[in-house]
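Residue-level structure breakdown
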Amino acid sequence: MDQGGTGAPAHTAATYGQYAGTWFAGHSPVYAAWAAHVAATASLAALIATLPPDKRQPNLVFAATRFLGCPDADPATWEAFLRRNWPAVRTVVLGHRTQTNEPRRCATLLPVFGLIAARTRRPLALIEVGPSAGLCLLPDLYSYEYDGVTRLGTGAPLLRCTTTGTPPIPAAMPRIGSRAGVDLNPLDGTDPEMVRWLEALVWPGQDDRLATLRAALATLASPGTERPRLVAGDLNERVAELVADVPPTHTAVVFHSAVLAYVPPGQRARFAATLATLDCHWVSNENFFLDAEGATVPSAHGDRFTLALDGRPLAHTGQHGATLDWIR
């Protein structure tokens, strides 16, 4: 089998070790144990390394096994399931993407949306890059609780977030004039198979995340919800047309969260350069920061994301939206 290069198994093992110690540690004991097991088992790393490079991510491989019925059990049980069902796992991995739709990130995005709305005094035209099923395009349809006190909105789910610093929590929900997004593979959040995949992407042990996802999907499927316009395509090829479609009475806001990590560095730089030419605000929430030249600056805060507006870092956020540490 094609090993993807002689160094691919070692690189795969290192990646799984990094995920075990940084991204999964303290968030999902099951995934941390599985990832550490791959990192310590050369034959497992070699097997996963036969996948294309962009299909070896731990959360994608793990989600594929759970999608096929693997229990959230010990590493030995998971390994046996993976080896026994490898052709099916490979098929699922090749046919799917890591498209975790995390509506809780709206709790960290909302203060920035409110800041833009207050400055421009116009409805926002939200344009999400990598929207998956579009759940983060519905921020005004959810409700929010910050630090156990501040409450906004009346919809479901209720998103709770703890903060430090002085984040500009809006006094009222910003008006959303339109919702659109571009994704290589937009998902239909009302399709049972797509819902099952989205649920498989939620890490084991995170029952609150799963309940939040299901509540957001119910809001999306509600007869009274106007679903976002999701188009298929490359972000660099289609974002300009979505911005151009925004009427002058609205403020275009291009945003993304945990998406650019799956985009090659050169394409990230191109994306940043493209946005600099468009009439829009840019909200970025990633585990790295793009500087003025579009170069990738790795996060110095472990499993924290950097939340930025128009290229200016504003806060560090929890990867799933539970914390917001304002630095401006």
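As shown above, the structure is provided for reference.
Residues numbered from 1 in each chain as written. Predicted model: local features only at pLDDT ≥ 70, side-chain atom pairs only at ≥ 80, totals over all residues. Heavy atoms only, no water.

As a further point, take the overall build of the protein. Looking only at helices and strands, the protein features 11 helices and 13 strands. Over its C-alpha atoms the protein spans a radius of gyration of 20 Å, differing by no more than 12% from the 20 Å that the globule rule assigns to 328 residues. Judged by the C-alpha coordinates and their principal axes, the protein covers about 60 × 40 × 35 Å. Considering the protein as a whole, with its 328 residues, one finds that 53% of them fall into the buried category. Across the protein, the fraction of contacts at a sequence separation of at least 24, relative to all contacts at a separation of at least 6, is 70%. When the accessible area of the protein is evaluated, it comes to approximately 13,500 Å², of which 55% is carbon and sulfur surface. Averaging the coordinates of the 27 positive side-chain charges in the protein and doing the same for the 29 negative ones gives two points 2 Å apart. (Helix = DSSP H or I, 4+ residues; strand = E, 2+ residues; numbered from the N terminus. Rg over C-alpha atoms; globule rule 2.2 N^0.38 Å. Buried < 20%, exposed > 50% of the residue type's maximum accessible area, 1.4 Å probe, protein only. Contact = heavy atoms within 4.5 Å. Areas by Shrake-Rupley, 256 points an atom, 1.4 Å probe, with all protein chains shown as cover. Lys, Arg positive; Asp, Glu negative; His and termini not counted. Charge placed at Lys NZ, Arg CZ, Asp CG, Glu CD.)

All right, on to unusual backbone geometry then. Most peptide bonds adopt trans geometry, and most residues besides glycine take a negative phi value. That bond from Ala 156 to Pro 157 is cis: its omega, 5°, falls within 30 degrees of zero. Mapped onto the secondary structure, Pro 157 falls in the loop between strand E3 (150–152) and strand E4 (158–164). The phi dihedral of Asp 310 is positive, around 50°, even though this residue is not glycine. Tracing the chain through its elements places Asp 310 in the loop between strand E11 (304–309) and strand E12 (312–318). Residue class for Asp 310 comes out partly exposed when judged on its relative accessible area of 40%.

Time to look at helix H2 (residues 29–40). In this model H2 runs 16 Å from its N-terminal to its C-terminal C-alpha over 12 residues, within 8% of the 16 Å that 1.5 Å per residue would give. Residues Val 30, Tyr 31, Ala 32, Trp 34, Ala 35 and Val 38 constitute the buried set of H2. Residues of H2 that are buried in the fold lie against helix H1 (8–23), helix H3 (42–48), helix H4 (58–67), helix H5 (75–84) and helix H8 (192–200). (Expected span 1.5 Å × (residues − 1).)

To summarise the sheet geometry, strands pair through backbone hydrogen bonds and adopt either a parallel or an antiparallel arrangement. Here 11 strands make up an open sheet; going across it, the order is E3-E2-E4-E13-E12-E11-E8-E7-E1-E5-E6 and the pairing mixed. The open sheet has two edge strands with one neighbour each: E3 and strand E6 (229–232). Geometrically, the sheet is characterised by an average inter-axis angle of 20° between neighbouring strands, direction not taken into account. (Pairing = 2+ DSSP bridges. Axes fitted to C-alpha atoms, helices over the stretch in contact; angles between N-to-C directions.)

Take helix H6 (residues 86–95) next. Every α-helix carries 3.6 residues per turn, so stepping three or four residues along brings you back to the same face. Listed in full, the buried residues belonging to H6 are Trp 86, Val 89, Val 92 and Val 93. Around the axis of H6, the buried residues are gathered within 125° of arc, so they sit on the same side. Facing away from the buried surface of H6 by more than 90 degrees, the exposed residues are Pro 87, Thr 91 and Gly 95. The elements touched by buried residues of H6 are H3, H4, H5 and H8. (Arc of directions from axis to C-beta.)

Moving on: the environment of Pro 248. Secondary-structure assignment places Pro 248 in the loop between helix H10 (235–244) and strand E7 (251–257). The sequence separation of Pro 248 and Asp 279 amounts to 31 residues, and the corresponding C-alpha distance is 10.0 Å.

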